[in-house]
Amino acid sequence: MKDLSVNKTYGTFTSEAEVRFQRLLPGPIETVWEYLTDSEKRGTWLASGPMELKVGGKVELNFLHSSLSDEKTYPDRFKAMENGISGVETITAIDAPRFLSFTWHPDSEVSFELEEKGENVLLSIRHYKLTDEFGKLMVSSGWHTHLDILVSKLYKESVPKFWKTFTQHEAYYGEKLKSGR
């Protein structure tokens, strides 16, 4: 049995403008790549939408958090997102099926690196060019919550409630940011 403790770890702020996450997922690498690039599969844990798999290609992200878990109630402060929110990003680097990077609204960027580890795949996410504390808090809490769902999907486990999980992670990252990491 593989040590899956990495799947429970919190993101690490590696600089004032960057947070990193790692998750060990069941392979093969092509399956994990599909969960990053295929609209339907990505839509089960993050956001659906077409993706042009080339540098300069567009990435449409249609977030509908109520579709990610059986929790349908949004916290009041996120009610504006209840019917979904969308954005269009641009691919900045791609090396299928090992690396993908694209812009992230408003001014940051996210990269995904896949590394084969026997029958498993190590997913490393790096979100960088983060410029303000609120953005760092939302990005770190959001990625952690979305990754919890991805892990549960790929390991065929029960899916955590999105907003309940997000709120728990937000409290942790809020403290971490206040304490200076």
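Predicted model, so just to flag it, every value in this text is computed and none were measured.

Counting its regular elements, the chain contains four helices and seven strands. Along the chain, helices and strands appear, N-terminal first, in the series β-β-α-α-β-β-β-β-β-α-α. Relative to a compact globule of 181 residues, whose C-alpha radius of gyration would be 16 Å, the chain shows 15 Å and is just as compact. By its C-alpha atoms, the chain is 40 × 40 × 35 Å across when sized along the principal axes. Expressed as a percentage of the 181 residues in the chain, the buried residues total 48%. A separation of at least 24 residues holds for 56% of the contacts in the chain among residues at least 6 apart in sequence. Element-wise, carbon and sulfur atoms account for 52% of the exposed surface of the chain, whose accessible area totals about 9,100 Å². Positive and negative side-chain charges in the chain, numbering 23 and 27 respectively, have mean positions lying 2 Å apart.

This brings us to the environment of Glu60. Take Glu60: it is sitting in strand β3 (residues 58-63). Sequence separation between Glu60 and Ser48 is twelve residues, and the spatial gap between their C-alpha atoms is 7.4 Å. What Glu60 contacts, discounting residues up to four positions off in sequence, is Arg42, Ser48, Gly49, Pro50, Gly87 and Val88. In this structure the side chain of Glu60 is engaged in a polar contact, spanning 3.1 Å, whose partner is the side chain of Asn62.

Look at the UniProt record and you will see "domain: Activator of Hsp90 ATPase homologue 1/2-like C-terminal" (unreviewed entry) annotated at residues 28-152. The span residues 28-152 shows a helical share of 26% and a strand share of 34%, and its end C-alpha atoms are spaced 16 Å apart.

It is worth spelling out the packing of aromatic side chains at this point. Taken as a whole and assessed by the stated rule, the structure comprises 17 aromatic pairs. A ring pair is formed by Tyr74 and Trp163, whose centres lie 5.3 Å apart and whose planes are at 50°; its orientation type is tilted. Here the residue Tyr74 occupies a position in the loop between β3 and β4 (85-95), and Trp163 occupies one in helix α4 (residues 162-178), the gap between them amounting to 89 residues. Like Tyr74, the residue Trp163 is buried in the burial classification. Site record: aromatic cluster; members linked through ring pairs are Trp45, Phe63, Phe102, Trp104, Phe112 and Trp143. The residue whose ring lies beneath Arg126 is Tyr128, and the NZ or CZ to ring-centre distance is 3.8 Å.

What counts and how
Residues numbered from 1 in each chain as written. Predicted model: local features only at pLDDT ≥ 70, side-chain atom pairs only at ≥ 80, totals over all residues. Heavy atoms only, no water. Helix = DSSP H or I, 4+ residues; strand = E, 2+ residues; numbered from the N terminus. Rg over C-alpha atoms; globule rule 2.2 N^0.38 Å. Buried < 20%, exposed > 50% of the residue type's maximum accessible area, 1.4 Å probe, protein only. Contact = heavy atoms within 4.5 Å. Areas by Shrake-Rupley, 256 points an atom, 1.4 Å probe, with all protein chains shown as cover. Lys, Arg positive; Asp, Glu negative; His and termini not counted. Charge placed at Lys NZ, Arg CZ, Asp CG, Glu CD. Polar contact = N/O pair within 3.5 Å; in protein donor to acceptor, adjacent residues only side chain to side chain. UniProt positions renumbered as here; feature names shortened; annotations may be inferred. Phe/Tyr/Trp six-rings, centres within 6.5 Å; stacked < 30°, edge-to-face > 60°. Lys NZ or Arg CZ within 6 Å of the ring centre and 35° of its normal.

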